Amino acid sequence: MKIVIAITAASGALYARLTLERLLAAPEVSEIALVCSARARDVMAHERVVLPEDARIRTFANDDLFAPPASGSARYDAMVIVPSTVGTVGRVAAGTAQSLIERAADVMLKERRRLVFVVRETPLSLIHLRNMTTLTEAGAVILPASPSFYAAPQDIGALCGTVADRAVALLGVDVPCYEWGE
């Protein structure tokens, strides 16, 4: 599988790192296109999050609209925006792509491929909710960054890992994770 992972400047860079680690652990993932928004790296530095490195990761600048994820012919299988700002949600919902992240999301929608937004915002305004409804109606999945406590996580990594597990599963990648009733 070829996956696009986009990181925006929402707080919660740990979600991005954990999602990336899980994708790299999956043997079916052959390529990851990584795109960070202009301020995402600032947030990662502030939150002391370092992304893993791997030969399967191809990094693209968010202003590079000639990069492969900007075209449906590149045939990426799925995309996750983790964490996603509500600004990114709004621009994609409005169809006004002006960055590689927004264009790649637009490509996923038009090609009817899997697109997951791990939204990291609270509280949500009516505008945010309407934009999320628009994206859901267009075929995207909205996954609020709301960790699960079912498995009694013992630290922040395990807690945030519950969101990463769900995001990766929604992309169609099989990774071991907590299942209800265990």
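Above: the structure in question.
Residues numbered from 1 in each chain as written. Predicted model: local features only at pLDDT ≥ 70, side-chain atom pairs only at ≥ 80, totals over all residues. Heavy atoms only, no water.

Thoughts on helix α4 (residues 100-110)
For α4, the tally of buried residues reaches eight of eleven residues, placing the bulk of the element in the interior. L100, I101, E102, A104, A105, V107, M108 and L109 are the residues of α4 that are buried. Immediately downstream of α4, the backbone of R112 shows phi near 60°, a positive value. (Buried < 20%, exposed > 50% of the residue type's maximum accessible area, 1.4 Å probe, protein only. Helix = DSSP H or I, 4+ residues; strand = E, 2+ residues; numbered from the N terminus.)

Let's talk about the side chain of D165
Counting through the fold element by element, D165 comes out in helix α6 (residues 156-170). Take D165: its relative accessible area is 12%, and that puts it in the buried class. Within the structure, D165 has its side chain in polar contact with the side chain of R22 (distance 2.4 Å). (Polar contact = N/O pair within 3.5 Å; in protein donor to acceptor, adjacent residues only side chain to side chain.)

Quick word on the packing of aromatic side chains
Within a pair of aromatic rings, the relevant descriptors are the distance that separates the centres and the angle that separates the planes. In this structure the tally under the stated criterion is zero aromatic pairs. Here K2 stacks its cationic end above the ring of Y76, 4.6 Å away from the centre of that ring. (Phe/Tyr/Trp six-rings, centres within 6.5 Å; stacked < 30°, edge-to-face > 60°. Lys NZ or Arg CZ within 6 Å of the ring centre and 35° of its normal.)

Topic: the pairing of strand β3 (residues 57-61)
In the case of a regular strand, side chains alternate between the two sheet surfaces. Of the strand pairs in this sheet, strand β2 (residues 31-36) and β3 are connected by five bridges, and their pairing is parallel. By the bridge assignment, V35 is partnered in β3 with F60. (Pairing = 2+ DSSP bridges.)

A short note on the sheet that holds strand β5 (residues 114-119)
What the six strands build is an open sheet, ordered β3-β2-β1-β4-β5-β6; its pairing is parallel. Lying at the two open borders of the sheet, with one neighbouring strand each, are β3 and β6 (141-142). Alignment of β5 against β6, held across two bridges, turns out to be parallel. Looking at β6, one finds that F117 is bridged to I142. In the packing of helix α3 (residues 86-94) onto the sheet, the strands contacted are β4 (78-84) and β5, and the crossing angle to β5 comes to about 145°. Sheet strands in contact with α4 are β1 (2-7), β2, β3, β4 and β5, and its direction is about 135° off that of β4. (Contact = heavy atoms within 4.5 Å. Axes fitted to C-alpha atoms, helices over the stretch in contact; angles between N-to-C directions.)

Brief notes about a nonpolar patch on the surface
Together, L124, L126 and L129 make up a nonpolar patch on the protein surface, roughly 250 Å² of accessible area in all. Among the structural elements, L124 can be located in the loop between β5 and α5 (126-138). (Patch = residues over 30% accessible without salt bridge, like charges linked within 9 Å, V, L, I, M, F, W, Y side chains within 5 Å. Areas by Shrake-Rupley, 256 points an atom, 1.4 Å probe, with all protein chains shown as cover. Salt bridge = Lys/Arg side-chain N within 4 Å of Asp/Glu carboxyl O.)

Focus on the nonpolar core
Grouped together as the largest cluster of nonpolar side chains are 36 residues, with contacts concentrated most on I7, L23, I32, V80, V118, L171 and V173. Counting residues per element, this core draws most heavily on helix α1 (residues 13-25), which supplies eight residues. Within the second largest apolar cluster, 28 residues are counted, among which are A70, M108, L115 and M132. (Core = buried A, V, L, I, M, F, W, Y, C linked by side-chain atoms within 4.5 Å.)

Here we look at the packing of α1 against α6
A pair of packed helices can be characterised by two numbers: the angle between their axes and the separation between those axes. It is at 8 Å that the axes of α1 and α6 come closest, and there the two elements cross at 60°. Classified by the angle between their axes, α1 and α6 sit oblique to one another. In this structure, the crossing between α1 and α6 has a hand that is right-handed. Every residue of α6 that contacts α1 at L14, Y15, L18, T19, R22 and L23 is listed here: I156, G157, C160, G161, V163, A164, D165, A167 and V168. Taken together, the residues of the contact of α1 with α6 sort by class into ten nonpolar, three polar and two charged. (Parallel < 35°, antiparallel > 145°, perpendicular 65-115°, else oblique. Left-handed = near helix turned anticlockwise from the far one by under 90°. Nonpolar A, V, L, I, M, F, W, Y, C, P; charged D, E, K, R; others polar.)

Function cannot be read off these values alone, since they describe shape.
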